Amino acid sequence: MLGLFTKKANTLLGIDISSTSVKLLELSRSGSRYKVEAYSVEPLPPNAVVEKNIAELEGVGQALSRVLAKAKSGVKTAAVAVAGSAVITKTIEMEAGLSEDDLENQLKIEADQYIPYPLEEVAIDFEVQGAAPRNPERVEVLLAACRKENVEVREAALALAGLTAKVVDVEAYALERAYSLLEAQLGGGHDELTVAVVDIGATMTTLSVLHNGRTIYTREQLFGGKQLTEEIQRRYGLSVEEAGLAKKQGGLPDDYDSEVLQPFKEAVVQQVSRSLQFFFAAGQFNDVDYILLAGGTASIPDLDRLIQQKIGTQTLVANPFADMALSSKVNAGALASDAPALMIACGLAMRSFD
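Conventions and cut-offs
- Per-chain numbering applies: the sequence of each chain, read as written, is numbered from 1 onward.
- Only residues with pLDDT of at least 70 are given local features in this predicted model, and only at 80 or more are side-chain atom pairs given and counted; all residues enter the totals for whole chains, interfaces and linings.
- Water and hydrogen atoms play no part in the side-chain values, which are based on all heavy atoms of the structure.
- Secondary structure elements follow DSSP: runs of H or I of four or more residues count as helices, runs of E of two or more count as strands, with numbering from the N terminus.
- In this setup the radius of gyration rests on C-alpha atoms only. A globule is expected at 2.2 Å times the number of residues raised to 0.38.
- With a 1.4 Å probe rolled over the protein chains alone, any residue whose accessible area is under 20% of its type maximum counts as buried; one over 50% counts as exposed, and the rest are partly exposed.
- Any two strands with at least two DSSP-identified bridges between them are counted as paired.
- Between the first and last residue of a helix there are one fewer steps than residues, each counted as 1.5 Å, and that sum is the expected span.
- Bend, in this description, refers to the angle at a residue between axes fitted to the seven residues ending there and the seven starting there.
- Domains are outlined according to an automatic or database domain assignment.
- Throughout, a contact is declared for two residues whenever any of their heavy atoms are within 4.5 Å.
- What counts as buried area is the accessible surface, traced by a 1.4 Å probe, that two parts surrender upon association, with contributions from both included.
- In this context, the arc is that of the directions from the helix axis out to the C-beta atoms.
- For this analysis, a salt bridge means a side-chain nitrogen from Lys or Arg found within 4 Å of a carboxyl oxygen belonging to Asp or Glu.

The protein appears in an unreviewed UniProt entry as Type IV pilus assembly protein PilM from Ectopseudomonas toyotomiensis.

In structure tokens form, the structure reads like this:
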């Protein structure tokens with residue numbers, strides 16, 4: 001009770017608004033060790049979020065209110081993310097030594113040529129990455145731009161639940177931040193590791209390839225766990241809710257494993273394999289050292305083993321909480337089963353400590 005894990009005034013809730021649920025996570029930190037203070041997951045009404053765009057503000061706001069009540073967190077500020085597909089990023093070289101204001105003014109002039117929307121409709125941010133490799137008198141600046149409406153609708157949804165968005169991040173960068181917790185689990189010298197993180201959500205699968213801990217490639221495709229839920233519905237005559245529950249808790253007829261689950265797992269393997277082929281075709285890599293599975297679908301028993309067996313690359317299910325302490329109000333079993341689906345929420349919650 002030494003208060004080692006002090007809650008800082010600037011704690012942010014990591015809130016991931018996906019197509020079927022909202023996920024909330026609160027972290028604290030002592031030294032280099034994190035602690036899960038609160039977490040909760042709440043389903044969204046059907047079609048409230050379509051392909052990462054908020055379509056029904058009210059429904060999302062109500063789900064956020066419920067997730068907040070369930071998590072019993074007193075924190076009122078949050079970090080949320082927009083999908084990578086909504087963001088344009090570009091690394092540009094600029095002269096070193098410019099003040100923040102000069103950089104910003106210069107970038108606004110530069111941004112015009114990279115962004116296909118009128119600048120007044122766009123939210124822009126930038127981060128100096130370091131000296132330019134070919135010219136030490138210049139710096140590389142990462143420019144990120146996204147339509148203001150994508151940011152504003154997320155702020156509005158949080159506001160309905162009494163929350164303030166302090167940070168709007170990009171999903172790929174949140175994932176990269178959470179991945180930094182997993183590097184230690186991959187053993188050995190991870191300086192040069194190339195790791196494919198396959199995030200299989202309900203409707204969308206995102207492949208992010210990280211090299212030396214940095215994202216070098218991302219690709220989204222329409223495929224996800226919803227296909228399994230729909231097949232369960234169709235075959236056993238269940239409602240969406242019943243099918244979703246049965247998928248998680250079991251209790252389906254004996255032929256479920258062989259007739260429904262196995263073909264779905266094979267389809268996942270095909271998707272992962274195809275995504276990797278696109279990545280290999282795009283550049284200088286023809287291999288990855290590890291595949292990490294994230295997203296709700298990653299929790300399917302033995303899916304990691306099947307992928308490893310068919311693709312021949314060591315495959316692990318992502319658990320960013322493996323080395324974290326847990327508050328007494330966090331259910332360890334529930335957190336462990338939800339862990340792969342909480343990668344983005346975790347990366348967002350880590351923004352508290354930047």
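After that view, the rundown keeps rolling.
A. Examining the overall build of the protein more closely. Along its length, the protein carries 10 helices and 16 strands. Taken over the C-alpha trace, the protein has a radius of gyration of 21 Å; the compact-globule value for 354 residues is 20 Å, and the two agree within 12%. Taking the principal axes of the C-alpha coordinates as reference, the protein spans close to 65 × 45 × 45 Å. Expressed as a percentage of the 354 residues in the protein, the buried residues total 47%.

B. Focus on the pairing of strand E12 (residues 204-211). In terms of burial, E12 is a largely internal element, 8 of the 8 residues being buried. Where burial is concerned, the two faces of E12 agree: the one with Met-204, Thr-206, Ser-208 and Leu-210 and the one with Thr-205, Leu-207, Val-209 and His-211 are both buried. Note that strand E11 (residues 194-200) and E12 share 7 bridges and pair antiparallel. Within E12, the position partnered with Thr-194 by the bridge is His-211.

C. Just unusual backbone geometry, in detail. Even without being a glycine, Glu-51 presents a positive backbone phi close to 45 degrees. Its place among the elements puts Glu-51 in the loop between strand E4 (49-50) and strand E5 (53-54). Overall, the relative accessible area of 45% leaves Glu-51 in the partly exposed class. One non-glycine residue, Asn-212, lies in the positive phi region at around 55 degrees. Within the element layout of this structure, Asn-212 appears in the loop between E12 and strand E13 (214-222).

D. How the structure looks around helix H7 (residues 256-282). Between its terminal C-alpha atoms H7 stretches 38 Å, which fits the 39 Å expected from 27 residues at 1.5 Å a residue. The axis of H7 is deflected most strongly, by about 30 degrees, at Gln-262, and proline Pro-263 appears within four residues downstream.

E. Region of interest: the domain arrangement of the protein. As assigned here, the protein comprises domain 1 (11-82 + 148-181 + 318-349), domain 2 (85-147) and domain 3 (218-313). Averaged C-alpha coordinates put domain 1 and domain 2 at centres separated by 28 Å. Taken together, the contacts link 7 residues of domain 1 with 10 residues of domain 2. Buried area between domain 1 and domain 2, summed over both chains or domains, comes out near 720 Å², and the portion from carbon and sulfur atoms is 62%. Contact with domain 2 buries surface across domain 1, with Lys-148, Asn-150 and Tyr-173 losing the most and accounting together for 62% of the total.

F. Just helix H2 (residues 100-111), in detail. Over its 12 residues, H2 runs 16 Å from end to end, which matches the ideal 16 Å to within 8%, given 1.5 Å per residue. Among the residues making up H2, those that are buried are Leu-103, Leu-107 and Ala-111. Angularly, the buried residues of H2 cover 60 degrees about the axis, an arc narrow enough to put them on a single face. Structural note: H2 exposes Asp-101 and Ile-109 on the side pointing more than 90 degrees away from its buried face. Of the surrounding secondary structure, the elements contacted by the buried residues of H2 are strand E7 (87-95), strand E8 (122-132) and strand E9 (135-147).

G. Highlighting the pattern of salt bridges. Per the counting criterion, the structure on display carries 16 salt bridges. A salt bridge links Glu-171 to Lys-52; its shortest N-O distance comes to 2.9 Å. Here Lys-52 lies in the loop between E4 and E5 and Glu-171 lies in helix H4 (residues 171-182), a separation of 119 residues in the sequence. Accessibility expressed as a relative area gives 9% for Glu-171, which makes it buried. Under the relative-accessibility criterion, Lys-52 is labelled buried at 17%. As a salt-bridge pair, Arg-234 and Glu-231 come within 2.8 Å of each other at their nearest N and O atoms. Linking Arg-234 with Glu-231, this pair stays in helix H5 (residues 226-236), spanning 3 residues, or about one helical turn. Assessed through its relative accessible area of 23%, Glu-231 is described here as partly exposed.

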